[in-house]
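Residues per chain are reported as follows:
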Amino acid sequence: MTEKETLLEVKDLHTYLYLEQGVSKALNGITFDIKKGETLGVVGESGCGKSMTALSIMQLVPDPPGKIASGEIRFQGENLLEKNKREMREIRGSRIAMIFQEPMTSLNPVMTVGKQIEETIRIHESVSKAEAKKRAIEMLKLVKIPEPEQRYYEYPHQLSGGMRQRVMIAIALACHPDLLICDEPTTALDVTVQAQILKLIAELQKKTGMSVMLITHDLGVISQVAERIIIMYAGRIVEYGTRQSVFTNPLHPYTEALLKSVPRLSDEDGKELYMIKGMVPDLTKEQRGCLFAERCPYAEKRCFEEEPKLYDTGSGRVCCHRYGKRGNDK
């Protein structure tokens, strides 16, 4: 099997938040890539930097207080950090699109859903109003919204949560992007609708050949769709590998703890769910050693004093002193 071509490459990216209490290193030197046509999963608990990664790629980091301090974000060979605002507006929505986790706050409440899809098309492409309307209805059909001609004239509050999320997908795909970033796209939905949305994204990906970056805290979701997985903790990538390697042989203690905390049907009744003890460290304060050390059951003296290197695992990478005892650093 030939190696897929790289679509997006993020190199040593640092994004900081300049707050009253100090500088928070929201992203502290993350490096990864996304191949053409693949689904990359990004996992971690709240505040680990998942959404900030997406906002940095889209150059939508709120300023103030946020700022991309350094690094590279190369999309189809071009460094997005060298683009001006006008150039980024042309890329956003056309070549890179994003679905946010809460459609009710992302959709315009006083504009019909059809007009919102139509607007996206007309911003990026020189088409007539009639053609844009026709394509908007086609997009509603594509995301399997029933009676699309009627739904075109409805407002977001008239639709269910699952239908609103389908509208968000229709808007995101209206200009046929090469990369679709999904930031917790199923969080506000019930389990049945979650499965429908994930299946829909997978079907559309197969049909269009786009790449998908799926951000979630739910390992169950990732296990269904992602080919490779990034595990993030406190603004850093602590493990990076194939779905099989991450789920069958987790190398970082944080990955191991996340997998243990997933509820299973086979668990005994009354059995207490596994919980990761402690809290994510305050990123505005100077940190020494491994940022997970305070919560890690395997932590040694070295873990509190020395920052672990990035080790090549063969199927990915891991940032942990324990692996360093048997692997080769890179």
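Provided above is the structure to which this section pertains.
Visitor: Can you tell me about the pattern of salt bridges, naming the residues and giving the values?
Guide: In the structure shown here, the tally under the stated rule is 17 salt bridges. One salt-bridge network, in which partners are shared between bridges, spans D33, K35, E38 and R228.

Visitor: Which residues make up the packing of aromatic side chains, and what values go with them?
Guide: Using the criterion set out here, one finds six aromatic pairs in the structure. Centre to centre, the rings of Y254 and F292 are 5.3 Å apart; their planes meet at 65 degrees, and the pair counts as edge-to-face. Residue Y254 is located in helix α11 (residues 253–260), and its partner F292 is located in the loop between α11 and α12 (301–305); the two are separated by 38 residues in the primary sequence. Both residues of the pair, Y254 and F292, count as buried. Geometrically, the ring pair formed by Y311 and Y323 is tilted, given 6.2 Å between the ring centres and 55 degrees between the ring planes. With a gap of twelve residues between them, Y311 in strand β11 (residues 311–312) and Y323 in helix α13 (residues 321–324) connect regions that are remote in the sequence. Across the pair, Y323 and Y311 agree in class, each one buried. Grouped by ring-pair contacts, the aromatic residues Y233, Y254 and F292 constitute a single cluster. Stacked on the ring of Y298, the Lys or Arg R322 has its end atom at 3.8 Å from the ring centre.

Visitor: I'd like to hear about the layout of surface pockets, residue by residue, with values.
Guide: Volume-wise, the largest pocket comes out at about 530 Å³. For the largest pocket, the lining is made up of 19 residues, of which G93, M98, F100, T120 and I171 are closest to its centre. Those elements that place two or more of their residues in the lining of the largest pocket are β6 (96–99), α4 (113–124) and α7 (161–173). Ranked by the residues each element gives to the lining of the largest pocket, the list is headed by α4, at five residues.

Visitor: Let's hear about the sheet that holds strand β1 (residues 6–19): which residues, and what values?
Guide: Sheet architecture is open: four strands sit in the order β2-β1-β4-β5, paired in antiparallel fashion. One side of each edge strand has no neighbouring strand; the edge strands of this open sheet are β2 (22–35) and β5 (78–79). The strands that helix α1 (residues 50–58) touches are β1, β2 and β4 (66–75); relative to β2, the one it contacts most, it runs at about 75 degrees.

Visitor: So, empty space enclosed by the protein: which residues are in play, and what are the values?
Guide: As enumerated under the stated definition, the model contains one cavity of 30 Å³ or more in all. Lining the largest cavity we find 13 residues, and of these P253, C290, C296, C303 and C320 sit closest to its centre. Taken together, the residues of the lining of the largest cavity break down into ten nonpolar, two polar and one charged.

Calculation criteria
- Residues numbered from 1 in each chain as written.
- Predicted model: local features only at pLDDT ≥ 70, side-chain atom pairs only at ≥ 80, totals over all residues.
- Heavy atoms only, no water.
- Salt bridge = Lys/Arg side-chain N within 4 Å of Asp/Glu carboxyl O.
- Phe/Tyr/Trp six-rings, centres within 6.5 Å; stacked < 30°, edge-to-face > 60°.
- Helix = DSSP H or I, 4+ residues; strand = E, 2+ residues; numbered from the N terminus.
- Buried < 20%, exposed > 50% of the residue type's maximum accessible area, 1.4 Å probe, protein only.
- Lys NZ or Arg CZ within 6 Å of the ring centre and 35° of its normal.
- 1 Å grid on protein atoms, 1.4 Å probe; cavity = no way out; pocket = protein on both sides within 12 Å on 5 of 7 lines; lining within 4 Å.
- Points joined across faces, edges and corners; volume = space filled by probe spheres on them.
- Pairing = 2+ DSSP bridges.
- Contact = heavy atoms within 4.5 Å.
- Axes fitted to C-alpha atoms, helices over the stretch in contact; angles between N-to-C directions.
- Nonpolar A, V, L, I, M, F, W, Y, C, P; charged D, E, K, R; others polar.

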